[in-house]
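So you can see what is in the structure, the chains are spelled out below.
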Amino acid sequence: MRAFRRRRGVYVAALEGDEATILARVVADTSMLLGVPLRPGEDPAESADPLTELSWSTEGVDSPTDPALARLLPDASRTDDELSQEFRRLTESELRASKVARLRMVWDALRVSSGEIRVPTERALDFAAALTDVRLVIAERLGIRTEADAEEIADRVARGGGDDDEDEVQLALGMVYSALSWLQESLLQVMLPTLGE
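The structure presented is a predicted model; accordingly, all values stated were derived computationally and were not measured.

(A) Focus on the overall build of the protein chain. Helix and strand counts for the protein chain come out as six helices and three strands. When its helices and strands are written in sequence order, the protein chain yields β-β-α-α-α-β-α-α-α. In the protein chain, which comprises 197 residues, the proportion classed as buried is 39%. In the protein chain, of all internal contacts separated by at least 6 residues, the share reaching a separation of at least 24 is 67%. With the model as given, the accessible surface of the protein chain reaches about 11,300 Å², and the carbon-plus-sulfur share is 50%.

Now the structure itself:
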């Protein structure tokens, strides 16, 4: 994986085929968590994954029970349930749709990449926002709440190896989280000089 660079009106990063496939998978999984499949033939209603059973109808305005989904769709107020429910009723459908549209853009870029991800400069903020959503989901699965938690995951990834299958899964998630964080940071760094334009 190589960092984003600006090249003739687009931001370009280099990815190996396996890297693009893995990142596309976690982007699609995040969209599925929001209730919309990106992979062809994927139907949330037919999936054995309990996360896909979550409804995103505005009829049910309760807070999500899945903590990762709750990080993507947080309550408007921690103290006023009625306010949160009303805000959710008015905004959740549109918020989900915009998040899924950004995730689809990233997924499409990863799926068509032949070693490069190309992001038009006018879509770079949306691309970065989609990466944030994916990172939030993975962070929740890893129990990352603070900068210290993130550093601990980075250290564990750097050390490598796990004692059992669960450790291996956590290590793999940590590697994906670290790669996404690095990729997003490289995009933001290359965008900084142009944000005033």
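(B) Quick peek at the sheet that holds strand E2 (residues 10–14). Strand order in this open sheet of three strands is E1-E2-E3, and the pairing throughout is antiparallel. The sheet is open, and its two borders are formed by strand E1 (2–7) and strand E3 (116–120), each paired with just one other strand. Neighbouring strand axes in the sheet, compared pairwise and without regard to direction, differ in orientation by 20° on average.

(C) Main features of empty space enclosed by the protein. Taken as a whole and assessed by the stated rule, the structure comprises one cavity of 30 Å³ or more. If you add up the space inside the largest cavity, you get close to 30 Å³. Leu23, Val27, Val106, Leu110, Ile117, Phe127, Leu131, Leu180 and Leu183 together form the lining of the largest cavity. Mapped by element, the contributors of at least two residues to the lining of the largest cavity are helix H1 (17–33), helix H3 (81–111), helix H4 (124–142) and helix H6 (165–191).

(D) Representation of the nonpolar core. Grouped together as the largest cluster of nonpolar side chains are 47 residues, with contacts concentrated most on Phe4, Leu110, Ile117, Phe127 and Leu187. Of all the elements in the fold, those that place two or more residues in this core are E2, H1, helix H2 (67–72), H3, E3, H4, helix H5 (147–159) and H6. The element best represented in this core is H4, accounting for 10 residues. Once residues lying within four places of it in the same chain are set aside, the contact partners of phenylalanine 4 are Tyr11, Val12, Ala13, Ile117, Val119, Phe127, Leu183, Ser186, Leu187 and Val190.

(E) The arrangement of the environment of alanine 68 in detail. With respect to the helices, strands and loops of the structure, alanine 68 is situated in helix H2. Since its relative accessible area comes to 0%, alanine 68 is described here as buried. Residues contacting alanine 68, with those up to four places away along its chain left out, are Leu33, Val137, Glu140 and Arg141.

(F) Fine view of the confidence of the model for the protein chain. Scored by pLDDT, the protein chain comes out at a mean of 85, with 85% of its residues at no less than 70. When pLDDT is averaged over each element of the protein chain, H4 comes out on top at 96 and H5 at the bottom at 89. Below pLDDT 50 for its whole length, residues 47–59 participates in 22 contacts with residues either more than four positions away or in separate chains.

(G) Quick peek at the packing of aromatic side chains. Tallied over the full model, the rule gives one aromatic pair. Pairing phenylalanine 4 with phenylalanine 127 gives two aromatic rings, centres 6.1 Å apart and planes at 80°, and the pair type is edge-to-face. With phenylalanine 4 in strand E1 and phenylalanine 127 in helix H4, this pair connects stretches of sequence that are 123 residues apart. Look at phenylalanine 4 and you get buried, because its relative accessible area is 4%.

(H) Quick look at the pattern of salt bridges. Applying the stated criterion across every chain yields a total of 14 salt bridges. The partner of aspartate 75 in a salt bridge is arginine 88, with the nearest N and O atoms 2.7 Å apart. Pair noted here: aspartate 75 is in the loop between H2 and H3 and arginine 88 is in helix H3, with a separation of 13 residues, a long-range link. Overall, the relative accessible area of 37% leaves aspartate 75 in the partly exposed class. Measuring nitrogen to oxygen at the nearest pair gives 3.8 Å for the salt bridge that ties arginine 102 to aspartate 133. Here the residue arginine 102 occupies a position in helix H3, and aspartate 133 occupies one in helix H4, the gap between them amounting to 31 residues. A single burial state applies to arginine 102 and to aspartate 133, both of which are buried. Connected through salt bridges with shared partners, the residues Asp75, Arg88, Glu92 and Arg96 form a single ionic network.

What counts as what
Residues numbered from 1 in each chain as written. Predicted model: local features only at pLDDT ≥ 70, side-chain atom pairs only at ≥ 80, totals over all residues. Heavy atoms only, no water. Helix = DSSP H or I, 4+ residues; strand = E, 2+ residues; numbered from the N terminus. Buried < 20%, exposed > 50% of the residue type's maximum accessible area, 1.4 Å probe, protein only. Contact = heavy atoms within 4.5 Å. Areas by Shrake-Rupley, 256 points an atom, 1.4 Å probe, with all protein chains shown as cover. Pairing = 2+ DSSP bridges. Axes fitted to C-alpha atoms, helices over the stretch in contact; angles between N-to-C directions. 1 Å grid on protein atoms, 1.4 Å probe; cavity = no way out; pocket = protein on both sides within 12 Å on 5 of 7 lines; lining within 4 Å. Points joined across faces, edges and corners; volume = space filled by probe spheres on them. Core = buried A, V, L, I, M, F, W, Y, C linked by side-chain atoms within 4.5 Å. pLDDT = per-residue confidence, 0-100. Phe/Tyr/Trp six-rings, centres within 6.5 Å; stacked < 30°, edge-to-face > 60°. Salt bridge = Lys/Arg side-chain N within 4 Å of Asp/Glu carboxyl O.

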